[in-house]
Amino acid sequence: MRIGILGTGTLAVALGAAWARAGHEVLVGGRSSDRATAAATRMGDQARAVPLAEAVAGRDAVLVAVTWQGLPDILRAAGAAEGSLAGTPLIDPTNAIDYSVGELLTSDGRAAAEHVAEWAPGAQVVKAFHLFAADQWKEGSESVTVALAGDDKNALRVTADLVRDAGALPAVLGPLSRARQLEEVAGFVMGLALSGVDPNSAIPRVPTPATTS
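Notes on the structure in this doc start here.

Reading the values: rules and limits
As a convention, each chain's residues are numbered from 1 in the sequence order in which they are written. For a predicted model such as this one, the threshold for reporting local features is a pLDDT of at least 70, and the threshold for listing and counting side-chain atom pairs is 80 or more; totals across whole chains, interfaces and linings nevertheless cover every residue. Hydrogens and water molecules were not included; the side-chain quantities draw on all heavy atoms of the structure. The classification of residues rests on relative accessible area computed with a 1.4 Å probe and restricted to protein chains. Under 20% of the type maximum is buried, over 50% is exposed, and intermediate values are partly exposed. Note on conventions: DSSP H or I runs of at least 4 residues are helices, E runs of at least 2 residues are strands, and numbering of each starts at the N terminus. By this definition, two strands are paired if DSSP reports at least two bridges between them. Whether a crossover is right-handed depends on one test, that the path from the first strand over the helix to the second runs clockwise when the strands point away from the viewer. Only one rule defines a salt bridge in this text: a Lys or Arg side-chain nitrogen within 4 Å of an Asp or Glu carboxyl oxygen. The criterion is simple. A nonpolar core is a set of buried Ala, Val, Leu, Ile, Met, Phe, Trp, Tyr and Cys residues joined through side-chain atoms within 4.5 Å.

### Brief notes about the pairing of strand S2 (residues 25–29)
So, step 1. The buried fraction of S2 amounts to four of the five residues, a majority that puts the element mostly inside the structure.
So, step 2. Across five bridges, the pairing between strand S1 (residues 2–6) and S2 is parallel. By the bridge assignment for S2, isoleucine 5 is matched with valine 28.
So, step 3. Taken together, S1, helix H1 (residues 10–21) and S2 constitute a β-α-β crossover, and its handedness is right-handed.
So, step 4. As judged from the three bridges shared by S2 and strand S3 (residues 47–49), these two strands associate in the parallel manner. Bridge assignment links valine 28 to a residue of S3, and that residue is alanine 49.
So, step 5. Note on the crossover from S2 through helix H2 (residues 33–43) to S3: the handedness is right-handed.

What follows is the structure, given as structure tokens:
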């Protein structure tokens, strides 16, 4: 695939490197061209730094991996308000969380992903990759399950393929309206961890329902 990445932080680099190892073309755009170049270098030979608008043009999927506070600005700089991401699977791993307490920062009851959909009209937004730190995407890491939420079937399929290429298993929770649940889980995990409690110990092991062939 031709993948665009908006952002130059640790998660952007880790996922970009995983997708580059899988043979995808990765274009990286950031607010600093020097940081974008450094990020692309760390991702590998399949990645290169480009201006923000070029990072989203003609892409099969775009990852926007910046802080909650930086989301509106980087989407605006990439031309999202003018429709540059219309029809494009837009993967949102943002955690709008106060990391000192684990509380969500969105004040209107909507998920961060729903705000992303508003700031990038026409984009096929999928919530994904928001629960695991960048270290999870190193080569050879133990496989995990990545929950997805989105409205567009093609965007969910594309994102699921990229989850597999990063070495994980995709699981679709439901439409984008359920992204709030996924984001609340991040706050739940962070809140318990800050309290010195292993979040895994607070989640019951539920048997997987048997399926019939």
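Moving on, there is more to tell.
### Some words on the pattern of salt bridges
So, step 1. This structure, assessed with the given rule, holds 13 salt bridges.
So, step 2. Where lysine 138 meets aspartate 135, a salt bridge forms, and the shortest distance between an N and an O atom there is 3.6 Å.
So, step 3. Residue aspartate 135 is classed as exposed on the basis of its relative accessible area of 53%.
So, step 4. We note a salt bridge from arginine 157 to aspartate 161, for which the minimum N-O separation is 3.5 Å.

### Observations regarding unusual backbone geometry
So, step 1. Despite not being glycine, phenylalanine 129 shows a phi value in the positive range, around 65°.
So, step 2. Note on placement: phenylalanine 129 falls in the loop between strand S8 (124–127) and strand S9 (145–150).
So, step 3. On the basis of relative accessibility, which here comes to 2%, the residue phenylalanine 129 falls in the buried class.

### So, the nonpolar core
So, step 1. In terms of nonpolar packing, the biggest core is built from 36 residues, with Trp19, Phe129 and Trp137 touching the most fellow members.
So, step 2. Those elements that provide at least two residues to this core are S1, H1, S2, H2, strand S4 (61–64), S9 and helix H6 (153–165).
So, step 3. With eight residues, H1 is the single largest residue contributor to this core.
So, step 4. Judged by nonpolar contacts, the second largest core, of 29 residues, contains Leu75, Ala123, Leu176 and Ala179.

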